[in-house]
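# Reading the structure
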Amino acid sequence: MAIKNILKYGAESLREPSKEVHKVSKKITELVNDLLETMYSANGVGLAAPQIGVNYRVFVIDVSTNDEPLRPMVFINPKIIKKSGAIVSNEGCLSFPEAYTDVKRYKNVTVKALDTHGRPFIMEATDGTLLARAIQHEFDHLNGILFIDHCVNRFETDNVLAKYGLPPVEEDFLVEEPELEAELKND
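The following paragraphs examine the structure supplied in this document. (Residues numbered from 1 in each chain as written. Predicted model: local features only at pLDDT ≥ 70, side-chain atom pairs only at ≥ 80, totals over all residues. Heavy atoms only, no water.)

## With respect to the overall build of the protein
- Counting its secondary structure elements, the protein contains four helices and seven strands.
- Starting at the N terminus, the α and β elements of the protein follow one another as α-β-β-β-β-β-β-β-α-α-α.
- Expected size for 187 residues packed as a compact globule is a radius of gyration near 16 Å; at 16 Å, the protein falls within 12% of this value.
- When its C-alpha atoms are laid out on the principal axes, the protein stretches across 45 × 35 × 35 Å.
- For the protein, with 187 residues in total, the buried portion stands at 46%.
- For the protein, long-range pairs separated by at least 24 residues make up 64% of all intrachain contacts whose partners lie at least 6 apart in sequence.
- Per element, the accessible surface of the protein, about 9,700 Å² overall, is 51% carbon and sulfur. (Helix = DSSP H or I, 4+ residues; strand = E, 2+ residues; numbered from the N terminus. Rg over C-alpha atoms; globule rule 2.2 N^0.38 Å. Buried < 20%, exposed > 50% of the residue type's maximum accessible area, 1.4 Å probe, protein only. Contact = heavy atoms within 4.5 Å. Areas by Shrake-Rupley, 256 points an atom, 1.4 Å probe, with all protein chains shown as cover.)

In structure tokens, the structure reads:
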């Protein structure tokens, strides 16, 4: 296990789609351990392999709070198989130190993935919980999508990024989700 360097916004590999894991090998298990150790050392809620420069479809999440024991969750080759509802929430990312902005997310998601033993599992996260949002956030990393690509207001987000010396939102990467927009208008 090792604490890895977390790539900052602007690094090319953050925009590259990740490769499927063909076998949960010792190398993948070591990657998972590095992700967990790096995430915990940075006080993060989640971390995806591309954030440490490894473009495999792997991410880790732990939404436990200060007074709870750690509950690390590992997702290998995840697929979001169901999503519904809509929520606007304030998000940040370890690749964007200290920068937070409002983003659009689904309120409910169901994800199918493999665990560290290569066994498939299905997890449901509902009601716009931190877990529901974190799954979407980390899943996006595996596809080269960043949380700012879901921003509610591009110009406000640009101002936040500039405040922390980060490049502006890349207009070509903004995600269009008409069904999510429709949900938000109905709320």
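## Things to note about the pairing of strand β3 (residues 73-84)
- Direction of pairing for strand β2 (residues 58-61) relative to β3: antiparallel, over a ladder of four bridges. Residue pairing for β3: Phe-59 is matched across the bridge by Phe-75.
- Here six bridges tie β3 to strand β6 (residues 108-114), and the two strands are oriented antiparallel to one another. In the sheet register, Ser-84 faces β6, and the bridge partner there is Asn-108. (Pairing = 2+ DSSP bridges.)

## What about the environment of His-150?
- By the secondary structure assignment, His-150 is in the loop between α2 (130-142) and α3 (154-163).
- A relative accessible area of 4% means that His-150 is categorised as buried.
- Between the C-alpha atom of His-150 and that of Thr-38, which follows or precedes it by 112 residues, the distance is 25 Å.
- Sequence-distant contacts of His-150, defined by excluding residues within four places in its chain, comprise Asp-102, Val-103, Lys-104, Arg-105, Asp-140, Ile-145, Val-175 and Glu-177.
- Engagement of the side chain of His-150 in a polar contact is seen with the side chain of Arg-105, the distance being 3.4 Å. (Polar contact = N/O pair within 3.5 Å; in protein donor to acceptor, adjacent residues only side chain to side chain.)

## Details of the environment of Leu-31
- Secondary-structure assignment places Leu-31 in helix α1 (residues 26-41).
- In sequence terms Leu-31 and Tyr-56 are 25 residues apart; their C-alpha atoms lie 9.4 Å from each other.
- If we ignore the near neighbours within four places in the chain, the residues touching Leu-31 are Ala-49, Ile-52, Val-54, Tyr-56 and Val-58.

## Here we look at unusual backbone geometry
- The phi torsion at Asn-77 lies on the positive side, around 55 degrees, for a residue other than glycine.
- Looking at Asn-77, the relative accessible area reads 10%, which means it is buried.
- Non-glycine residue Glu-98 carries a positive phi angle of around 70 degrees.
- Within the fold, Glu-98 resides in strand β5 (residues 96-105).

## Description of the nonpolar core
- Core analysis: the biggest nonpolar cluster contains 20 residues, and Phe-59, Ile-61, Met-73, Phe-75, Met-123, Leu-131 and Ile-135 have the highest contact counts within it.
- Only β2, β3, β6, β7 (120-125) and α2 provide two or more residues apiece to this core.
- Per-element accounting of this core gives the leading share, six residues, to α2.
- Counting residues in hydrophobic clusters, the runner-up holds 15 residues, among them Leu-35, Leu-47, Ile-52 and Val-58. (Core = buried A, V, L, I, M, F, W, Y, C linked by side-chain atoms within 4.5 Å.)

## Some thoughts on the packing of aromatic side chains
- Per the stated rule, a full pass over the model turns up four aromatic pairs.
- With a centroid separation of 4.6 Å and 20 degrees between ring planes, the pair formed by Tyr-9 and Phe-96 is classed as stacked. A residue pair is termed long-range when its members are at least 10 positions apart, and Tyr-9 in the segment before α1 and Phe-96 in strand β5 qualify at 87 residues. Judged on exposure class, the residue Tyr-9 and its partner Phe-96 are both buried.
- Judged by centre distance (5.6 Å) and plane angle (55 degrees), the rings of Phe-75 and Phe-121 are tilted. Taken together, the residues span a long stretch of sequence, with Phe-75 in strand β3 and Phe-121 in strand β7 at a distance of 46 residues. (Phe/Tyr/Trp six-rings, centres within 6.5 Å; stacked < 30°, edge-to-face > 60°.)

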